[in-house]
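Observations on the three-dimensional arrangement
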Amino acid sequence: LGSGLIRGVGPAIARKVVRHFGAETLRVFEEEIGRLVEVRGIAERKLESIRASWSEHRMIRDVMLFLQEHGVSTLFAVRIYKQYGNAAIAVVQADPYRLARDIYGIGFFSADRIALALGFAADGPRRIEAGIRHVLSASREAGHCYLRREQVVEQCVALLEPEHVEPVQ
């Protein structure tokens, strides 16, 4: 709620709303949005702005919940939504490794955790390709101009071995 995507609801108002409605907050937004006037700082005029924005961004809720279920922070969930819009869930389900290429701040390890949580195979082609990209990118950032094939293979094997995969929480 405090992500800034819903006009009229910033971090301060979001805290007040959640404090007031608790676990019922999202239900109130969906079914009884008029009750938001019970929260100090939300008058009828602000309510109308919130109502219009909530209606316009209804898909945000599903995207945010989906992403947070897979360990994505609110900050990155907002970035993902801004990048892909209402197609965010479909994009992430189809190729979570794409996040590492498209979203600044999301790297291979975060994308890999999401992919594995979604059931992508630990030895699947998308994971291997993403691992290779990560190894090459990390090497370039370390100042290397090239790597021998054996070096790439060795580093990828070390990166992608199951005992090195961080568990999904």
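Cut-offs used in this document
- Residues numbered from 1 in each chain as written.
- Predicted model: local features only at pLDDT ≥ 70, side-chain atom pairs only at ≥ 80, totals over all residues.
- Heavy atoms only, no water.
- Helix = DSSP H or I, 4+ residues; strand = E, 2+ residues; numbered from the N terminus.
- Buried < 20%, exposed > 50% of the residue type's maximum accessible area, 1.4 Å probe, protein only.
- Contact = heavy atoms within 4.5 Å.
- Areas by Shrake-Rupley, 256 points an atom, 1.4 Å probe, with all protein chains shown as cover.
- Lys, Arg positive; Asp, Glu negative; His and termini not counted.
- Charge placed at Lys NZ, Arg CZ, Asp CG, Glu CD.
- Salt bridge = Lys/Arg side-chain N within 4 Å of Asp/Glu carboxyl O.
- Patch = residues over 30% accessible without salt bridge, like charges linked within 9 Å, V, L, I, M, F, W, Y side chains within 5 Å.
- Phe/Tyr/Trp six-rings, centres within 6.5 Å; stacked < 30°, edge-to-face > 60°.
- Expected span 1.5 Å × (residues − 1).
- Arc of directions from axis to C-beta.

Moving on to the overall build of the protein. Looking only at helices and strands, the protein features 10 helices and 0 strands. Along the protein, from the amino end to the carboxyl end, the secondary structure elements read α-α-α-α-α-α-α-α-α-α. Across the 169 residues of the protein, 34% fall into the buried class. Considering only residue pairs separated by 6 or more positions, the protein has 48% of its internal contacts joining residues 24 or more positions apart. A total of about 10100 Å² of accessible surface is found on the protein, and carbon and sulfur atoms cover 53% of it. Of note, the protein has its 23 positive side-chain charges centred 8 Å away from the centre of its 21 negative side-chain charges.

All right, on to the pattern of salt bridges then. Throughout the structure, instances matching the rule amount to 12 salt bridges. Between D112 and R127 there is a salt bridge, and its shortest N-O distance comes to 2.7 Å. Remark: R127 occurs in helix 9 (residues 125–141) and D112 occurs in helix 8 (residues 108–117); sequence separation between them is 15 residues. With respect to burial, D112 and R127 carry one shared label: buried. Counted as one network, the salt bridges with shared partners bring together E24, R27, E31, E32, R35 and E38.

On the surface, I128, I132 and L136 cluster together into a nonpolar patch covering about 220 Å² of accessible area. Inspection of the secondary structure puts I128 in helix 9.

So, about the packing of aromatic side chains. Counted according to the given criterion, the structure contains 3 aromatic pairs. An angle of 75 degrees between the planes, with centres 5.5 Å apart, marks the rings of F108 and F109 as edge-to-face.

Once that is clear, we can look at helix 10 (residues 149–160). Here helix 10 contains 12 residues, and its C-alpha end-to-end distance of 16 Å stays within 8% of the 16 Å for a straight helix at 1.5 Å per residue. Listing the buried residues of helix 10 in full gives V152, C156, L159 and L160. One face of helix 10 carries all of its buried residues, which in axial projection span an arc of 80 degrees. Facing away from the buried side of helix 10 by over 90 degrees, the exposed positions are E150 and E154. Residues of helix 10 that are buried in the fold lie against helix 8 and helix 9.

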